[in-house]
Amino acid sequence: MKLAFYVNDISLEERNYTTTRMAMAAVGMGHDVWYIDAEGFSLSQEDVLHARAKAVPKKKYKSGDSFLRDLQGRAAKREVITVDDLDVLFLRSDPSLDTGLAFWRQSVGIDFGRLAMRRGVIVLNDPIGLHKAMNKMYFQHFPAEVRPTTLITRDGADMRAFAREFGTVVLKPLQGSGGKNVFLVRPEDRPNINQIIEAISRDGYVVAQEYLKGAEEGDMRLFLVNGLPFRHKGKYAAFRRVRTGGDLRSNIHAGGKLARAAVDSAALKIAEMVRPKIVLDGMFMVGLDIVGDKLLEINVFSPGGLRSAQKMEGVNFSREAIRLLERKAEYVKFYHRNFNNVEIATL
């Protein structure tokens, strides 16, 4: 299988990233694996899509450190590849990291991914689906039963009224991720709510959400692959992120701690309820952030934490993810050979 991972910037990839773990697994399984970043694509006058890409020189790696040392250093293979020849282009960039002067990068994977898809390349997650999910408004397209009560507005009076109604609320920007500018507003914090609203709304619309009971204990990240809870050897690809101190954020890079997740009937019900749209939008790999019987977020851009799930459960989810990708590529080739107008997203 000829496989390329599209990332924000190859030089900024880290050893614990889910992309790194999957790329290492794919290399070890004998696949032809390339990395492309936002600077790499080109469309020729002859309408051929190319990319300046990097690959590691070895066939097997024991650690993410050695893998990235070769990928990011002089040992890396550098080549202009024909994207049309790929079997799979895996879009693994996070648009929220591209701000300021780098704002133009946010849609690069989507735009060139669409071109690749028209040329018969399997592009995951589907770039058309990703375009729909460019901000947190996408979350509102899922059943109300699985979502916290939410208000999206720029009107300060509406936000203050929402906070009075629900007592404790979360305010965060409509765009962005990683816990940036996320505020917990308790009744005793209301004298400062105007300053909080002003700080968040500088960047656009604000999401006001009821604070979920149990959120103080952190949340669960559950991976879906092809719309189904991702399982291997009877274990779910999931983990809990536990808040530390008074920080609202449970993100690992924001100071949260890892714990083993108990994937219960409530979590599986949420997964079943969001599945139809996830499949319809062509989302191969998704991360659900869950508190109790509610969904906090759906992560479709480069969902991370697969290594954390492996650490908690003791199984190699990265290798299994590549195996499922192999199967998807085989099915798509079969249907393209034998049938017309097959929707790749449903396979």
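Along every chain, residues carry numbers that run from 1 in the direction the sequence is written. Local features are withheld for residues below a pLDDT of 70 in this predicted model, meaning they are given only at 70 or higher, and side-chain atom pairs are given and counted only at 80 or more; totals for whole chains, interfaces and linings count all residues. Hydrogens and water molecules were not included; the side-chain quantities draw on all heavy atoms of the structure.

### Observations regarding the pattern of salt bridges
Then, in step 1: Put simply, a salt bridge is a Lys or Arg side-chain nitrogen that is within 4 Å of an Asp or Glu carboxyl oxygen. For the coordinates displayed, the defined rule picks out 13 salt bridges.
Then, in step 2: Arg260 is paired through a salt bridge with Glu313; the nearest N and O atoms lie 2.8 Å apart. Of this pair, Arg260 sits in the loop between strand S17 (257-259) and helix H7 (265-280) while Glu313 sits in helix H8 (residues 306-313), and the two are 53 residues apart along the sequence.
Then, in step 3: Between Glu320 and Arg323 there is a salt bridge whose closest N-O contact spans 2.8 Å. Here Arg323 and Glu320 lie together in helix H9 (residues 317-338), a separation of three residues that amounts to about one turn.
Then, in step 4: One salt-bridge network, in which partners are shared between bridges, spans Asp219, Arg221, Arg241 and Asp289. Comment: elements are numbered from the N terminus, with helices defined as DSSP H or I runs of at least four residues and strands as E runs of at least two.

### Some words on empty space enclosed by the protein
Then, in step 1: Any residue with an atom within 4 Å of a point lines the site, the site being either a cavity, points on a 1 Å grid over the protein atoms alone where a 1.4 Å probe fits but cannot get out, or a pocket, an open set with protein on both sides within 12 Å along at least 5 of 7 lines. Grid points are joined across faces, edges and corners, and a volume is the space filled by probe spheres set on the points. A full pass over the atoms with the stated rule returns one cavity of 30 Å³ or more.
Then, in step 2: Taken as a whole, the largest cavity spans an internal volume of roughly 50 Å³.
Then, in step 3: What lines the largest cavity is simply Tyr6, Leu91, Ser93, Gln106, Gly109, Ile110, Leu130 and Phe301.

### Notes on the packing of helix H5 (residues 156-166) against helix H6 (residues 193-201)
Then, in step 1: Following both chains from N to C, one finds H5 and H6 inclined at 125°, their axes separated by 11 Å at the closest point. One element, H5, and the other, H6, form an angle in the oblique class. Two packed elements cross with a definite hand, and for H5 against H6 that hand is right-handed. Contact with H5, carried on its side by Gly156, Met159, Arg160 and Ala163, involves Ile193, Asn194 and Ile197 of H6 and no other residues of that element.
Then, in step 2: Here the residues of the contact of H5 with H6 are counted per class, giving four nonpolar, two polar and one charged. A fitted line through C-alpha atoms serves as each axis, taken over the contacting stretch for helices, and the angle formed by two N-to-C directions is quoted from 0 to 180°. In what follows, roughly perpendicular refers to angles from 65 to 115 degrees, roughly parallel to angles under 35, roughly antiparallel to angles over 145, and oblique to any angle outside these ranges. Here is the rule for handedness: rotate from the far helix to the near one, and if that takes an anticlockwise turn smaller than a right angle the crossing is left-handed, while a clockwise turn gives right-handed. Contact between two residues is taken to exist if any of their heavy atoms lie within 4.5 Å; hydrogens are not considered. Gly is placed with the polar residues, together with every amino acid not listed as nonpolar (Ala, Val, Leu, Ile, Met, Phe, Trp, Tyr, Cys and Pro) or charged (Asp, Glu, Lys and Arg).

### Description of helix H1 (residues 18-28)
It helps to recall that an α-helix has 3.6 residues per turn; residues three or four apart then point in one direction.
Then, in step 1: Working definition: with a 1.4 Å probe on protein chains only, accessible area under 20% of the residue-type maximum means buried, over 50% means exposed, and in between means partly exposed. Counting buried positions over the 11 residues of H1 gives 10, a clear majority of the element.
Then, in step 2: Positive backbone phi, approximately 90°, marks Gly30, located one or two places after H1.

### Some points on the packing of aromatic side chains
Then, in step 1: Aromatic contacts are taken between Phe, Tyr and Trp rings whose centres are within 6.5 Å, Trp giving its six-membered ring; a plane angle under 30 degrees counts as stacked, one over 60 as edge-to-face, and the others as tilted. Summed over all chains, the structure comprises 10 aromatic pairs.
Then, in step 2: With a centroid separation of 5.9 Å and 40° between ring planes, the pair formed by Phe5 and Tyr35 is classed as tilted. Placement of the pair is Phe5 in strand S1 (residues 2-6) and Tyr35 in strand S2 (residues 32-36), with a sequence separation of 30 residues.
Then, in step 3: What makes Phe5 buried here is its relative accessible area of 0%.
Then, in step 4: For Tyr35, a relative accessible area of 1% gives the class buried.
Then, in step 5: Seen in terms of ring centroids, Phe41 and Phe112 are 4.7 Å apart; in terms of plane orientation they differ by 10°. Their pairing is stacked. You can see Phe41 sitting in strand S3 (residues 41-43) and its partner Phe112 sitting in helix H3 (residues 108-118), a full 71 residues away along the chain.
Then, in step 6: Consider the ring centre and the ring normal. A charge sits over the ring if Lys NZ or Arg CZ is within 6 Å of that centre and within 35 degrees of that normal. Its end group placed over the ring of Phe90, Arg92 keeps NZ or CZ at 5.9 Å from the ring centre.
Then, in step 7: We note Arg231 situated over the ring of Tyr236; from NZ or CZ to the ring centre the distance is 4.6 Å.

### Some words on the environment of Gly109
Then, in step 1: Secondary-structure assignment places Gly109 in helix H3.
Then, in step 2: Among residues more than four places away in sequence, those in contact with Gly109 are Tyr6 and Leu91.

### Remarks on the sheet that holds strand S11 (residues 206-210)
Then, in step 1: Paired strands, in this sense, are two strands between which DSSP finds at least two bridges. The strand order across the open sheet formed by four strands is S8-S11-S9-S10, and the pairing between neighbours is antiparallel. Strands with a single pairing partner mark the edges of an open sheet, and in this sheet they are strand S8 (150-153) and strand S10 (183-185). Put simply, the sheet's adjacent strands are angled 20° from each other on average, direction ignored.
Then, in step 2: Bridging between strand S9 (residues 169-173) and S11 involves five bridges; their strand directions are antiparallel. Within the sheet, the bridge partner assigned to Pro173 lies in S11 and is Val206.
Then, in step 3: On top of the sheet, H5 reaches S8, S9 and S11; it is set at about 165° to S8, its chief contact.
Then, in step 4: Strands S9, S10 and S11 of the sheet are contacted by H6, whose axis makes an angle of about 30° with S9.

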